[in-house]
Amino acid sequence: MVTAMPDELICRICHSSKNLHDTRMRTCEDIRNLGDYKVYYCNNCHNGFTFPNVPLEAYELLPDVSKDEHASSANTILQWFIERRLKKLELLFDKRKISLLDIGGGACAFANTMAHRKHSVTVIEPNEKNRKYANISHGVNFLSEMFSDDLIQRGILKSNSFDVVTMWHSLEHTDDPQAVLKAIHAILKSDGILFVSVPNINGLLAKTGGNYWTYLDVPHHLCHFTPRGLKQLLINSGFIIQRSYRFSIEYDPFGWYQTLLNVVGRSHNYFYNSRKKNRSDQTYIRYPRWTKFVTACGLLFLPIVGIMSLLTLLLNTPACVEIAARKESL
């Protein structure tokens, strides 16, 4: 039986209105009071998108919190993850000093570390309240803007000016990813590198978690990617795939841990919001009474997390798609 599609249903990524189907992933209205949004999969570009169109006030994110506001254990783990990111980048640019643009920098933990190591760093972050976290004394240039080619047209960013652009889980928040990638192509220097990391809607974790998949986060995530779909999108935007990663120590184990807590507790990311983001009392999330109890028993899930993370690696179905792509010289 074929379900009728809404007349105005169009893929955000390739703008096709054909070969679309409902993934049965959606917001859970009994948990989050953000409206009823569904995720559709496009067989034309092999990616997904959130429908209906999301008004700004529905997907606008609250300000991040600085590293100093995390629990000491969370802060230690965060810094270790940042070091892992740096090592990936260092392998790509041979440890030389670079000009970096970090799109969606949040609390600027990654950008500040890069600036501390004497790299030239610019952060694009729409939430102006996150500016206070940028380490201006180390030279971080913070721009409170939505990234688009309009920044180039206005002269705020210059063409061919950056060695590396990073998007750590920010591309899925954009309304038109292809336009964003073409603008990134324009500001990168010849043979410059884009490093992009996004949730994998086709991964084992996503299929297991369904509506309770920790990286679903509808409607904040406007687009949803697969390895095949993101690679093709990058190629169509003028990039050459340099390297793709089978596993992320930052996102895979935690993704399994939080998703298991979500499924058992029938809640959405309580552990992440309370420990990492210090947002356990967000007004738009209603947690069941037993959520804190399930979270307190979370250590019992660790053996399952280890097994499923290993299975994810063996099956090459990572929780997130991480790709390093090089600007193709024309």
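All of these numbers come straight from a predicted model, not from anything done at the bench.

### A few points about the overall build of the protein chain
In step 1: When helices and strands are counted, the protein chain shows eleven helices and eleven strands.
In step 2: The 330 residues of the protein chain split such that 54% are buried.
In step 3: If you take every contact in the protein chain between residues at least 6 apart in sequence, the share linking residues at least 24 apart comes to 70%.

### Overview of the side chain of E322
In step 1: Along the chain, E322 turns up in strand β11 (residues 320-327).
In step 2: Side chain to side chain, E322 and S248 meet in a polar contact 3.5 Å long.
In step 3: Dropping the residues within four chain positions of it, E322 is found in contact with K88, F195, V196, S197, R243, S244, Y245, S248 and Y251.

### What about the pairing of strand β2 (residues 38-42)?
In step 1: Extensive coverage of β2 is indicated by the burial of four of its five residues.
In step 2: As judged from the five bridges shared by strand β1 (residues 20-26) and β2, these two strands associate in the antiparallel manner. Its bridge partner lying in β2, L20 is registered against C42.
In step 3: Looking at chain direction, β2 and strand β3 (residues 47-51) are connected through five bridges and run antiparallel. Bridge assignment links Y41 to a residue of β3, and that residue is G48.
In step 4: Counting the residues in the hairpin turn of β2 and β3 gives four residues, including H46, whose phi is positive at 60°.

### Here we look at the packing of aromatic side chains
In step 1: Within the structure shown, the criterion is met by ten aromatic pairs.
In step 2: Pairing Y40 with F49 gives two aromatic rings, centres 6.1 Å apart and planes at 25°, and the pair type is stacked. For the pair shown, Y40 and F49 are each scored as buried.
In step 3: Each ring, one from F195 and one from Y245, has its centre 5.5 Å from the other, and the planes form 45°; the classification is tilted. With F195 in strand β8 (residues 188-199) and Y245 in strand β10 (residues 239-245), this residue pair connects regions lying 50 residues apart in the sequence.
In step 4: By relative accessible area, F195 is classed as buried at 0%.
In step 5: Judged by relative accessible area, which is 12%, Y245 ranks as buried.
In step 6: Sitting over the face of the ring of F110, R85 holds its NZ or CZ atom 5.9 Å from the ring centroid.
In step 7: The ring of Y245 carries K88 above its face, with NZ or CZ at 5.0 Å from the centroid.

### Brief notes about unusual backbone geometry
In step 1: In this chain, F51 is followed by P52 through a cis amide linkage whose omega measures 0°.
In step 2: Here P52 shows up in the loop between β3 and α1 (56-59).
In step 3: The peptide bond linking V218 to P219 adopts the cis configuration, its omega dihedral lying at 10°.
In step 4: Among the secondary structure elements, P219 is positioned in the loop between α6 (204-209) and β9 (223-224).
In step 5: Located in the positive-phi region is N160, a residue other than glycine, with phi close to 55°.
In step 6: You can see N160 is positioned in the loop between α4 (150-153) and β7 (162-168).
In step 7: Positive phi, close to 60°, is recorded for N269, a residue that is not glycine.
In step 8: Along the chain, the position of N269 falls in the loop between α8 (252-265) and α9 (270-276).
In step 9: Given the relative accessible area of 6%, N269 is considered buried.

### Let's talk about the packing of helix α5 (residues 177-187) against helix α7 (residues 227-236)
In step 1: Two numbers describe how α5 lies on α7: the axes approach to 9 Å, and their chain directions differ by 50°. Classified by the interaxial angle, the pair formed by α5 and α7 is oblique. The interaxial crossing formed by α5 with α7 has right-handed handedness. Judged by residue contacts, P177, Q178, L181 and K182 of α5 engage L233, L234 and N236 from α7.
In step 2: When the residues that make up the contact of α5 with α7 are grouped by side-chain class, the tally is four nonpolar, two polar and one charged.

### Overview of the sheet that holds β3
In step 1: Strand order in this open sheet of four strands is β1-β2-β3-β9, and the pairing throughout is antiparallel. On the outer flanks of this sheet lie β1 and β9, each paired with one strand and no other.

### Considering the pattern of salt bridges
In step 1: According to the stated counting rule, one finds eleven salt bridges in the structure shown.
In step 2: Across the pair K38 and D22 runs a salt bridge, and its minimum N-O distance is 3.8 Å. Taken together, the residues span a long stretch of sequence, with K38 in strand β2 and D22 in strand β1 at a distance of 16 residues.
In step 3: Since its relative accessible area comes to 31%, K38 is described here as partly exposed.

### Details of the confidence of the model for the protein chain
Detailed reading of predicted coordinates is not advised where the pLDDT is low.
In step 1: Here the protein chain averages 87 in pLDDT, while 86% of its residues score no lower than 70.
In step 2: Between the elements of the protein chain, mean pLDDT differs from a low of 61, seen in α1, to a high of 97, seen in α7.

What counts and what doesn't
- Residues numbered from 1 in each chain as written.
- Predicted model: local features only at pLDDT ≥ 70, side-chain atom pairs only at ≥ 80, totals over all residues.
- Heavy atoms only, no water.
- Helix = DSSP H or I, 4+ residues; strand = E, 2+ residues; numbered from the N terminus.
- Buried < 20%, exposed > 50% of the residue type's maximum accessible area, 1.4 Å probe, protein only.
- Contact = heavy atoms within 4.5 Å.
- Polar contact = N/O pair within 3.5 Å; in protein donor to acceptor, adjacent residues only side chain to side chain.
- Pairing = 2+ DSSP bridges.
- Phe/Tyr/Trp six-rings, centres within 6.5 Å; stacked < 30°, edge-to-face > 60°.
- Lys NZ or Arg CZ within 6 Å of the ring centre and 35° of its normal.
- Axes fitted to C-alpha atoms, helices over the stretch in contact; angles between N-to-C directions.
- Parallel < 35°, antiparallel > 145°, perpendicular 65-115°, else oblique.
- Left-handed = near helix turned anticlockwise from the far one by under 90°.
- Nonpolar A, V, L, I, M, F, W, Y, C, P; charged D, E, K, R; others polar.
- Salt bridge = Lys/Arg side-chain N within 4 Å of Asp/Glu carboxyl O.
- pLDDT = per-residue confidence, 0-100.

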